[in-house]
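Each chain, written out:
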Amino acid sequence: GVANGAIYALLSLATVLIFSVTRIIFLPQGEFVSFAALTFVFLQEGRVPDTVPLLGILIAVTAALEIARGLRTQNLRAAALGCLRLCALPASVAAIAVVCAGAGLPLAVHALLAVAIVTASGPLLYRLVYEPIAHASILVLLIVSVALHFVLVGLGLYFFGPEGVRSAPLASAKFSVGGVPVAGQTLVILAVTIALIAALFFASRHTYYGKAMLAVAINRRGARLMGISSPLAGRTAFLLAALIGAVSGVLIAPVVTIFYDTGFLLGLKGFVGAILGGFGSYPAAAIGSLAVGLLESQASFFASAFKEVIVFTLIIPALVWRSLMTRPVEQEEEREDSDGGDEALAPGKRRVLAQRGAAVLMVVGLAAAPSLLSEYHVALLNYVALAAIVVLGLVLLTGAAGLTSFGQAAFVGLGAYVTGYLTAVSGMSPWSTLPIVIGVVFALSFVASAVTVRLSGHYLPLCTLAIGVSAYFLFASLQTTGGQSGMSGIPSFSVAGFDLRGPKAFYFLVWGVVLVLLSGLRNLLDSRPGRAIRALKYDAGMAEAMGVDTHRAKMASFVLACCLAGLSGWLYAHYQRFLNPSPFSLNQGIEYLFMAVMGGVGTPGGALVGSGLVVLLKEWLQYLLPRLLGTAGNFEIVVFGIIAILMLQHAPGGLWPLLARRLGFRRVQAGLTMGPAERLTVRPRPPRGQVVLAVRNVHKSFDALVANRDVSFSVEAGAIVALIGPNGAGKTTMFNLISSMLPPSSGSIEFLGAPTSGRSTRALALAGMARSFQHAQIVPGMSVLENAALGAHGRGAAGIAAASLRLDRSEEWRLLAEAQRQLKRVGLAHLANTSAGSLALGQQRILEIARALCADPCLLLLDEPAAGLRLMEKQSLSALLAQLRDEGMAVLLVEHDMDFVMNLADRVIVMNFGEKLAEGKPAEIQRNPAVIDAYLGGAA
């Protein structure tokens, strides 16, 4: 256990190193291990290992990219230097390996050479795969890591074959410690592990490059401003990670039998150790990895069949704990500006008719397919449909809600095994098991979602990855599921005595389900709950301020996606009529995600395109590649991995948006088909002069930093109060305290006479508090009209079921009509069907105000509303705010434009260094000496 834990510790250190420097969760770390071990064995046998040609390919592609960059920038000298820096050392290592492979050198030299070959590939992989998307979100980088894992595993199978190997030990002596036999190789592992950890610690603290990488890990932007190269830091991190992985492979090769895919499980266990250590501490990661090794060792004795389940399930509580204990940090690099599918919206009803015509043609084509195609091709279409059902769930979960899941195959397997057991063992009818399957999947996914959707950032996909791995080993270990032998005797569907056993008989059932789900998902996304779900992807805090129950929306998205996966499993079981764990493995879950990414995860049409592409291409490649390569194996994963990497680098929106733009299709705007609508109910306004907001002695500190110190003021109905002060005075923090986005350290805030303590941002929004943000928070993939309608979310009640069945149209038209009225009020009505992401900054700020007005507030919080506006726009905004004041609305605004403030506000509050410096009418503030000295230019 300790020896295994030491190897896991090395891998976890490499994982933490890469993540801290590059934000990449590097799942293929284990491939460095297996490649080095197999290279080591090949060298001992006197053969040139196939990692050398792989290194040559990486060198050639890297050189080609550098030359292409030089031609593009017309700087061939820089390109030549880039080639030299990146390729000289790997080329030298490859040449030495070719010369020395059959020279009969000592074992230690073979070990060093194997380490050198694998280590040289690390910086090249970073340059080719990650450097072009270095500023992408952590989730995109994670998906790329999974794709690279697929590529390396497939190449490992081709290079080294499926047979396992074991090398001669570096130290053959054996010792006895306390009566326990200890192999010399184990002592070597422990010694090298300790030496590497010490070397990394020393280098990070006492060398120039170590300090530079530490600076990048602590503050990427600050490091760039100091002249530290992020690409160089990334390449260095990958160099060290490849070195650690290669050393681990050489150390473990004499201890266990190594297969081409052994590294994945080893890497995942090191990954568990890194998670236990919090992804930020080398000592904590090492301790966590040792704990994993000891737990695995103990589990081998008392529950060997469930050893892997125990180890990987450990990820889930660790992730929950880490997520709850980690304060979320906003990272601007992770912001996504568009979902790739909605960049341009439909201009009129002709587009609606064209797209409806295309939909009719698709249905006619699907109906004619069984009579035109062979049984084999119809069977392929059935598998496309089964996959599309799962991917439609991912369109909702990942494309709309922004929550990435690698575990959907687990819920497909759950649905399949539940119905398989009930029909094959208990003798129930397949149709009668459907509600049971959905109920079981709903219950388990509800429990899982209660945990997973609370996870922040990258913790969620990591948790689903753990669910996928654990579920696969559970399916393979339980006697109820038949283990690896599988479950047979599952009956097929029958309708009115007609058996749906063949592909053509099953075709109409499965594609009918797909079309119904496709229509339902489109209806859902084009509705009040759909807008709420789509807003989650861009900013959950903004959505909460619009009255959206973000936790419930996330749970609903997760549960619905899992139920679709369970439905696919139910259909699969009765179509296939035999079950084994392989179709429900983590790799299949990753494949579903690839389908979504390749097709276009932001659009329902992308689910069909991606599923069809992957299923049909996989079938073709499984036939073609073994004949081209001369050996059997699932080499298609290499192609899929490369396609996924290239698409995320060059077409992150997927194929369907590209195809739709080429064909002239655009997403149809709901407002184009809006029917007659009554006005929404208006909230009673407080009487003019009544205190709407009271802030009393509010203090807010972040550790040693005091943002607000004992601030008190009030805002009355029918008044405009301005909050001014220099940057860093604590104005935006005060807005976040008022709207419950942050809790005060002390003091009290009352809204409409009731304390805000213990009330959520959503509760305050529903009670009549609306706000804008310092940086415009709009959903760029939605239209202007939809963004405005999001503000009226709390004034509607239709849920997911009603929206999916199109039973919400009357309420939906009322919400859209209200949004149209408010857009007209702020002067944006002519842009209603324009993509919000295409608006200028000033127009986005005006859109935020229209969205806030759609909530029918009695208190309006505006954070720098005039920033980015031209003179005429500021005058129009001033007139609008004056009109709102005359209607009895209370307005609190933060603004830096003093002319705008002094000509509009009834009262001005000046803040400086978190304290209230002065309060009074605009004329009084302009004459206040303290204000003049601190803010209005006394020094001049």
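Conventions adopted
- Residues numbered from 1 in each chain as written.
- Predicted model: local features only at pLDDT ≥ 70, side-chain atom pairs only at ≥ 80, totals over all residues.
- Heavy atoms only, no water.
- Helix = DSSP H or I, 4+ residues; strand = E, 2+ residues; numbered from the N terminus.
- Buried < 20%, exposed > 50% of the residue type's maximum accessible area, 1.4 Å probe, protein only.
- Contact = heavy atoms within 4.5 Å.
- Areas by Shrake-Rupley, 256 points an atom, 1.4 Å probe, with all protein chains shown as cover.
- Phe/Tyr/Trp six-rings, centres within 6.5 Å; stacked < 30°, edge-to-face > 60°.
- Lys NZ or Arg CZ within 6 Å of the ring centre and 35° of its normal.
- pLDDT = per-residue confidence, 0-100.
- Pairing = 2+ DSSP bridges.
- Axes fitted to C-alpha atoms, helices over the stretch in contact; angles between N-to-C directions.
- Left-handed = near helix turned anticlockwise from the far one by under 90°.
- Nonpolar A, V, L, I, M, F, W, Y, C, P; charged D, E, K, R; others polar.
- 1 Å grid on protein atoms, 1.4 Å probe; cavity = no way out; pocket = protein on both sides within 12 Å on 5 of 7 lines; lining within 4 Å.
- Points joined across faces, edges and corners; volume = space filled by probe spheres on them.
- Core = buried A, V, L, I, M, F, W, Y, C linked by side-chain atoms within 4.5 Å.

1. Things to note about the overall build of the protein
- The number of helices and strands found in the protein is 37 helices and 14 strands.
- Here the protein holds 940 residues, and 56% of them are scored as buried.
- Counting only contacts in the protein whose residues sit at least 6 apart along the sequence, the fraction spanning at least 24 positions is 78%.
- Accessible area of the protein: about 37400 Å², with a carbon and sulfur share of 63%.

2. Notes on the packing of aromatic side chains
- As enumerated under the stated definition, the model contains 27 aromatic pairs in all.
- Ring geometry for Phe42 against Phe160: centres 5.3 Å apart, planes inclined by 90°, an arrangement best described as edge-to-face. Highlighted residues: Phe42 in helix α2 (residues 29–44) and Phe160 in helix α6 (residues 138–160), separated in sequence by 118 residues.
- Under the relative-accessibility criterion, Phe160 is labelled buried at 9%.
- Judged by centre distance (5.4 Å) and plane angle (65°), the ring pair of Tyr472 and Phe473 falls under edge-to-face.
- Among the aromatic residues, those joined into a ring-pair cluster are Phe35, Phe42, Tyr158, Phe159, Phe160 and Phe635.
- Across from the ring centre of Phe702, 5.1 Å away, lies the NZ or CZ of Lys700, which sits over that ring.

3. Describing the confidence of the model for the protein
- Of the residues in the protein, 87% reach a pLDDT of 70 or more, and the chain-wide mean stands at 82.
- Overall, residues 327–348 carries pLDDT values under 50, and its contacts beyond four positions in sequence, including any with other chains, amount to 58 contacts.

4. Brief notes about the sheet that holds strand β8 (residues 746–751)
- Strand order in the open sheet made by the 4 strands is β6-β5-β8-β9, with antiparallel pairing throughout. Looking at the sheet topology across the chains shown, the edges are occupied by β6 (705–716) and β9 (754–755).
- Here 2 bridges tie β8 to β9, and the two strands are oriented antiparallel to one another. Note on β9: the bridge partner recorded for Phe751 is Ala754.

5. Quick notes on the sheet that holds strand β14 (residues 915–920)
- Ordered by their spatial adjacency, 6 strands build an open sheet running β10-β11-β12-β7-β13-β14, and the pairing between neighbours is mixed. Because the sheet does not close on itself, it has two edges, and the strands there are β10 (769–771) and β14. On average, each strand axis in the sheet is tilted by 15° relative to the strand beside it, whichever way the strands run.
- Here strand β7 (residues 720–724) runs beside strand β13 (residues 907–912); their pairing, made up of 4 bridges, is parallel. What sits directly across from Leu723, in β13, is Ile909.
- Of the strands in this sheet, β10 and β11 (859–863) are in contact with helix α33 (residues 841–854), which crosses β11 at around 165°.

6. Concerning the environment of Val52
- Along the chain, Val52 falls in helix α3 (residues 51–73).
- Separated by 42 residues in sequence, Val52 and Ala94 place their C-alpha atoms 5.6 Å apart.
- Discounting chain neighbours no more than four positions away, the residues touching Val52 are Ala94, Ala97, Val98 and Ile117.

7. Here's the deal with the side chain of Thr398
- Looking at the secondary structure, you find Thr398 in helix α16 (residues 375–400).
- Each residue touching Thr398, except ones within four places of it in the same chain, is listed here: Leu403, Thr404, Ser405, Lys537, Leu593 and Val601.

8. Some points on the packing of helix α5 (residues 107–130) against helix α10 (residues 230–252)
- Between α5 and α10, whose axes approach to 7 Å, the crossing angle comes to 145°. In this structure, the crossing between α5 and α10 has a hand that is right-handed. Between α5 and α10, the residues in contact are Ala111, Ala114, Val115, Val118, Thr119, Gly122, Pro123, Tyr126, Arg127 and Tyr130 and Ser230, Pro231, Gly234, Arg235, Phe238, Leu239, Ala242, Leu243, Ala246, Val247 and Val250, respectively.
- Considered class by class, the residues forming the contact of α5 with α10 number 15 nonpolar, 4 polar and 2 charged.

9. With respect to empty space enclosed by the protein
- Under the criterion given, the structure shown has 1 cavity of 30 Å³ or more.
- Put simply, the largest cavity is a space of about 40 Å³.
- Ala545, Ser739, Thr761, Leu764, Ala765, Met769 and Arg771 together form the lining of the largest cavity.
- The set of elements that each furnish at least two residues to the lining of the largest cavity consists of α29 (761–767) and β10.
- In terms of residue count, α29 provides more of the lining of the largest cavity than any other element does, 3 residues in total.
- Its residues assigned to classes, the lining of the largest cavity shows 4 nonpolar, 2 polar and 1 charged.

10. Observations regarding the nonpolar core
- Core analysis: the largest hydrophobic core is formed by 193 residues, its most contacted members being Tyr130, Phe406, Trp511, Leu571, Leu579, Tyr592 and Phe594.
- Here Phe594 is in contact with Ile143, Val146, Ala147, Phe150 and Ala644, once residues within four sequence places are set aside.

11. Let's talk about unusual backbone geometry
- Of note in this structure, Ser740 is not a glycine but carries a positive phi near 65°.
- Examined against the element boundaries, Ser740 turns out to sit in the loop between α28 (731–738) and β8.
- Even without being a glycine, Phe913 presents a positive backbone phi close to 50°.
- Within the secondary structure layout, Phe913 lies in the loop between β13 and β14.
- Judged by its relative accessible area of 66%, Phe913 is exposed.

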